Amino acid sequence: MKTSRSRLQNDGIPFALPDGMTAVCLDRSRRGGAKHGIFLIESSVRKWVIKHYDHKRAQPQRLLSNLENYLGGRSGTSPQHRFCTEKKALKIWRENGFDVFREPDEPPPIGIDAPHLVFEYVPGQTLKQVFLDHKIPKADKLGLFKRFIPEWGRRHFLACKNKDRYLIQEHPTFQHVYMSAEDQRFIFYDFEIVYTHRHRLADLIGREIAGYIRSLPLEELDDYLRILIREYPHPEFLNYPFEYFFRHPNLLLRLLYALDRQTSRNRRPRSKYNIAIRIHDRLRKTTTSQESHL
């Protein structure tokens, strides 16, 4: 057997590869040493994807990030902590029947001395790419959104039922939902950080709903909201974004959010606050319309 040897290849691959295998960097954090990233590994017969964990920031920024996460009630930011958090989240999502990238029984024979995960290689694209693609008919995109909603609602319900914060994405966006080109299955990813028990599940669900909706095309948002309100299986959860950002039971947080809304970036139509308002207004109009027909 030929031994692995370290080498730089295509943007500095930070691990050893045996002869006959190649690696390409798909995504990388440029801060903190530029070793944290996603890499496509290919042999003559197979492909894998490796997520390599490393520091994302320089030392002073790491201390600040850890303090921010502690004060914000989120899990740690060290490579080992993020690796363990993601490993546990993947297990929980699989056990509850939600699709994530599969880990192969036979990983590639490479040498890595840092925390890492090996995943299947799946051709496809993110749902955000699909929704923003003007070449795809709007009816097709709305159909995908309608297909996405039931499992979304089921996951929120299970998170509440089991009091499991690992089932809620800390960085919610359709950028973190991948669609397989072969069978159009929805595959979820990016579970490095989770919120702790300092946060109510209702608040986390509200954040996630607002985060996903704000990553949809803004010019077509009314069409997506119409489907959301009609198809989402737990209508009471759709009130959570507005309640979280505008009626939070913690008065200090409510004040901080009120101040945050005054910044220029949060006055933009796509801000989480304005998205929460649009969901709330659409719910209210739908309820009023239904009551007028009784």
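Reading the values: the criteria
Residues numbered from 1 in each chain as written. Predicted model: local features only at pLDDT ≥ 70, side-chain atom pairs only at ≥ 80, totals over all residues. Heavy atoms only, no water. Pairing = 2+ DSSP bridges. Helix = DSSP H or I, 4+ residues; strand = E, 2+ residues; numbered from the N terminus. Axes fitted to C-alpha atoms, helices over the stretch in contact; angles between N-to-C directions. Buried < 20%, exposed > 50% of the residue type's maximum accessible area, 1.4 Å probe, protein only. Contact = heavy atoms within 4.5 Å. Core = buried A, V, L, I, M, F, W, Y, C linked by side-chain atoms within 4.5 Å. Phe/Tyr/Trp six-rings, centres within 6.5 Å; stacked < 30°, edge-to-face > 60°. Lys NZ or Arg CZ within 6 Å of the ring centre and 35° of its normal. 1 Å grid on protein atoms, 1.4 Å probe; cavity = no way out; pocket = protein on both sides within 12 Å on 5 of 7 lines; lining within 4 Å. Points joined across faces, edges and corners; volume = space filled by probe spheres on them. Nonpolar A, V, L, I, M, F, W, Y, C, P; charged D, E, K, R; others polar.

A. Summary view of the sheet that holds strand β9 (residues 186–188). Reading across from one edge, β7-β8-β9 is the order of the 3 strands in this open sheet, with antiparallel pairing throughout. A strand with exactly one partner marks an edge of an open sheet, and here the two such strands are β7 (124–126) and β9. Between one strand axis and the next, the sheet turns by 30° as a mean value, whatever way the strands run. In this structure, strand β8 (residues 177–180) lies alongside β9, joined through 3 bridges in antiparallel fashion. Of the residues in β9, the one forming a bridge with V177 is F188.

B. Seen up close, the side chain of R185. Position of R185 relative to the elements: it lies in the loop between β8 and β9. Look at R185 and you get buried, because its relative accessible area is 13%. When neighbours within four sequence positions are excluded, R185 is seen to be in contact with D99, V100, R102, E120, V122, Y178, M179 and S180.

C. Focus on the nonpolar core. Core analysis: the largest hydrophobic core is formed by 59 residues, its most contacted members being F145 and I213. Looking at which element gives the most residues to this core, the answer is helix α4 (residues 138–162), with 8 residues. Here F145 is in contact with F131, F174, I213, L216, Y224, I227 and L228, once residues within four sequence places are set aside.

D. Focus on the packing of aromatic side chains. Within this structure, the stated rule accounts for 30 aromatic pairs. Arranged with centres 4.8 Å apart and planes meeting at 70°, the rings of F174 and Y212 form a pair that is edge-to-face. Separated by 38 residues along the polypeptide, F174 in the loop between α4 and β8 and Y212 in helix α5 (residues 201–214) bring together distant segments of the chain. Here the two residues F174 and Y212 agree in accessibility, since each one is buried. Across from the ring centre of F188, 5.5 Å away, lies the NZ or CZ of R155, which sits over that ring.

E. Structural context of the layout of surface pockets. Within this model, the second largest pocket holds a volume of roughly 330 Å³. What lines the second largest pocket is a set of 15 residues, and nearest its centre among them are Y195, Y244, L253, Y257 and K272. Listed by contribution, the elements that provide at least two residues to the lining of the second largest pocket are α1 (59–72), α7 (240–246), α8 (251–260) and α9 (272–292). Element by element, the count of residues in the lining of the second largest pocket is highest for α8, at 4 residues. The residue makeup of the lining of the second largest pocket, split by class, is 8 nonpolar, 2 polar and 5 charged.

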